[in-house]
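For reference, the chains in residue letters:
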Amino acid sequence: MIPKAELHCHIEGAAAPELVLRQAEKYGADVSAFIRDGAYHWHDFTSFLKAYDGAAGLFRTPEDYALLSETYLCDLAGQGAIYAEFFTSPDHASRVGLSARSYTEGLGEGMRRARERTGIEARMIVTGVRHVGVEAVERAAQFAAGCGHALVTGFGMAGDERMGHPRDFARAFDIAREAGLGITVHAGEFGGPDSIEAALDALRPSRIGHGVRAIEKPALVERLSAEGVVLEVCPVSNVVLGVFPGFASHPFPALYAAGCKVTLNSDDPPHFHTSLGHEYEVASRHFGLDDAALDVITHTALEAAFVDEPTRSALLARIGQHVAL
Ligand code: ADE
Ligand code: ZN
C-alpha cells in the first residue's frame, strides 16, 4: 500500500453517519434533516454546511471528541496513512457549551489512542469560520496561540470564502504566525483567483486549502509555483460540490504539470463519499499518476506538514524506501 498523508480534513466533517447516528441515540436527537438511509443528505454548499453543523452538534463532551478523532485516525491508518492534520473548530465546540480547551484535550486524547493502536502521527490546525465573523476568528487565533497543546501546530480559516475580505482577518493570522503556528487558509474553492491572491497578500500562508481556481489565471499559477505555496487539493470534494463538473475538467494535472506543490486530501470524507485512499485512486485513475508520482505527493505533504523537524525526518524516513526522487 502506498504510504499516504493528509493535510486537509475537517474533524467534524469526518464523522461517519453511523457514528453520528450513535451519538443521536445517545442524546435523543432527530437527524432526519441531514442523514437519510444511513448517508448524509444535502444539495448545495449552504445545505452541506447545515448538515456539517448538525452532525457537529452531536459531539458534546471531551470523550465524544476523543471517540471522533480516534475513529477517524484509525480508519485513516487502515488506508495506509502515516500522518494526518485535521482542522478543529472551537466555534463548533462553544455551540454545545464545550470550552475550546476541553474540546482540544478530548481530540488530543483520541489522537493519543489512535497513535498507540496504529502508529499514526497527527496534528491539529485550529480554524476560525470565515462566515461567523472577524471577532470569532480572532478568538480562535488567540486560543491557538496560547493553548500550549503540543499537538496544536497550525492555524487556518474555513467557511464561506465569499464572505468578507482576507485583509479583515490579517490580525488573527498575525497572532497565530507570531506564536509560531503554521498557516493555511481556504481560498480558490468558491472564490476565484482574486480570492487566492488576496489571501496570499493579506495572510501570507505557506499552504492554501483548495486553491484550485488559480487555474483561471496563468500568472497566479506561476506565482504559486515560484513561491512554493502548497495546495491542499480535495478533488472529490470539488466535483461533488460542483466547483468542477467532473474529474476530466479538474485542474489537478495542469497544476501539477505547472510545478505547483499539490497534495491529495479528503476534506469532509463521508459527506462526499470519499476517503484519503479514494482520493489517491482518483489521482491514479483520472489524473494519470503512477505509484512513483503518488509517492511524491505524500512526500510533498510531509515536507509541508506543520511538525517539528525531528518528527518530519522520522516521517520521511518511514516513506524513504518508497520514494525515489
Ligand atoms: N468547512 C467544511 N468543509 C468546507 C469546505 N469544503 N469549504 C469551506 N469550509 C468548509
Ligand atoms: Zn476544507
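These numbers were taken from a predicted model, which means no experiment stands behind them.

A. Representation of the sheet that holds strand E4 (residues 81-88) within the structure. Strands sit in the order E1-E4-E5-E6-E7-E8-E9-E10 across an open sheet of 8 strands; the sheet is parallel. Two strands in the sheet have a free side with no partner beyond their single neighbour: strand E1 (4-6) and strand E10 (261-264). Between one strand axis and the next, the sheet turns through 25° on average, direction left out of account. Looking at chain direction, strand E6 (residues 152-158) and strand E7 (residues 182-187) are connected through 2 bridges and run parallel. By the bridge assignment, Phe-155 is partnered in E7 with Ile-183.

B. Spotlight on the pattern of salt bridges. If you walk through the whole model with that rule in mind, you get 22 salt bridges. Between Asp-201 and Arg-223 there is a salt bridge; the shortest N-O distance is 2.8 Å. Taken together, the residues span a long stretch of sequence, with Asp-201 in helix H8 (residues 193-203) and Arg-223 in helix H9 (residues 218-227) at a distance of 22 residues. Residue Asp-201 is classed as exposed on the basis of its relative accessible area of 52%. Here Arg-213 and Glu-216 are joined by a salt bridge, their closest N and O atoms 2.7 Å apart.

C. Summary view of the site of ligand 1. Lining the immediate surroundings of ligand 1 are His-10, Phe-45, Phe-48, Tyr-52, Ala-158, Gly-159, His-186, Glu-189, His-210, Asp-267 and Asp-268. In the environment of ligand 1, a nitrogen atom lies 2.8 Å from a nitrogen or oxygen atom belonging to the side chain of Asp-268. Considering ligand 1 on its own, with 260 Å² of exposed area, one finds that the protein chains cover 97% of that surface. It is helix H2 (residues 45-56) that provides the largest number of residues to the shell around ligand 1, a total of 3 residues. Of the residues assigned to the shell around ligand 1, the class counts are 4 nonpolar, 4 polar and 3 charged.

D. Structural view of the environment of Pro-235. Positionally, Pro-235 belongs in helix H10 (residues 235-240). Sequence-wise, Pro-235 and Phe-252 are 17 residues apart; in three dimensions their C-alpha atoms are separated by 7.7 Å. Among residues more than four places away in sequence, those in contact with Pro-235 are Phe-247, His-250, Leu-264, Asn-265, Glu-279, Val-282 and Phe-287.

E. Region of the structure containing the packing of aromatic side chains. Considering all chains together, one arrives at 13 aromatic pairs under this definition. Ring plane angle 40° and centroid distance 5.3 Å describe the contact between Phe-48 and Phe-272, whose orientation is recorded as tilted. Of this pair, Phe-48 sits in helix H2 while Phe-272 sits in the loop between E10 and helix H12 (276-287), placing them 224 residues apart in sequence. Exposure class is identical for Phe-48 and Phe-272. Each is buried. The structure contains a cluster of three or more aromatic residues connected by ring pairs, namely Trp-42, Phe-45, Phe-48, Tyr-52, Phe-190 and Phe-272. Taking NZ or CZ as reference, Arg-60 lies 4.4 Å from the ring centre of Tyr-27, over its face. We note Arg-207 situated over the ring of Phe-306; from NZ or CZ to the ring centre the distance is 3.9 Å.

F. The arrangement of the pairing of E6 in detail. Within E6, 7 of the 7 residues are buried, leaving the element largely enclosed by the surrounding structure. Where strand E5 (residues 121-129) and E6 come together, 6 bridges link them in parallel fashion. Among the inter-strand pairings, Ile-125 is bridged to a residue of E6, identified as Gly-154. At this point the chain moves from E5, through helix H6 (residues 134-146), to the parallel E6, and the crossover so formed is right-handed. Note that the unit made of E6, helix H7 (residues 170-178) and E7 has a crossover that is right-handed.

G. Geometry of the nonpolar core. Formed by 95 residues in total, the largest nonpolar core has its most connected members in Val-20, Phe-34, Tyr-72, Leu-73, Phe-155, Phe-173 and Ile-208. For this core, the element with the most residues is helix H3 (residues 62-78), which contributes 7 residues. With near-sequence residues (within four places) excluded, Leu-73 lies in contact with Ala-84, Phe-86, Met-111, Ala-114, Ile-120 and Ala-122. Core analysis: the second largest hydrophobic core is formed by 12 residues, Ala-5, Ala-301, Ala-305 and Leu-315 among them.

Definitions and cut-offs
Per chain, residue numbering runs from 1 following the sequence as it is written. Here chains are named by letter from A upward and ligands by number from 1 upward, in the order in which they appear as written. Given that this is a predicted model, residues contribute local features only at a pLDDT of at least 70 and side-chain atom pairs are listed and counted only at 80 or more, while totals for whole chains, interfaces and linings are drawn from all residues. As a rule here, side-chain values cover all heavy atoms of the structure and leave hydrogens and water aside. By this definition, two strands are paired if DSSP reports at least two bridges between them. A run of H or I in DSSP counts as a helix once it spans at least four residues, and a run of E counts as a strand once it spans at least two, with each numbered from the N terminus. Geometry is summarised by axes, namely lines fitted to C-alpha atoms with helices restricted to the contacting stretch, and by angles between N-to-C directions that run from 0 to 180 degrees. Criterion for a salt bridge: a side-chain nitrogen of Lys or Arg within 4 Å of a carboxyl oxygen of Asp or Glu. Between buried and exposed lies partly exposed: a residue is buried under 20% and exposed over 50% of the maximum accessible area for its type, with that area taken using a 1.4 Å probe on protein chains only. A cutoff of 4 Å decides nearness: a residue is near a molecule or strand if any of its heavy atoms lies inside that distance of it. Counted as a polar contact is a pair of N or O atoms within 3.5 Å, where, for protein atoms, one must be capable of donating a hydrogen and the other of accepting one, and residues adjacent in sequence contribute only when both atoms are in side chains. Per-residue accessibility takes into account occlusion by the displayed protein chains alone, with areas from the Shrake-Rupley method and a 1.4 Å probe. For this classification, the nonpolar set comprises Ala, Val, Leu, Ile, Met, Phe, Trp, Tyr, Cys and Pro, the charged set comprises Asp, Glu, Lys and Arg, and every other residue, Gly included, is treated as polar. Contacts: residue pairs with any heavy atoms within 4.5 Å of one another. Classification of ring pairs uses Phe, Tyr and Trp, with its six-membered ring standing for Trp, and accepts pairs whose centres are within 6.5 Å; under 30 degrees between planes counts as stacked, over 60 as edge-to-face, and the remaining range as tilted. Any Lys NZ or Arg CZ found within 6 Å of a ring centre and within 35 degrees of that ring's normal is scored as a charge over the ring. With strands facing away from the observer, any crossover in which the path from the first strand over the helix to the second runs clockwise is taken as right-handed. The term nonpolar core refers to a set of buried residues drawn from Ala, Val, Leu, Ile, Met, Phe, Trp, Tyr and Cys, joined through side-chain atoms within 4.5 Å.

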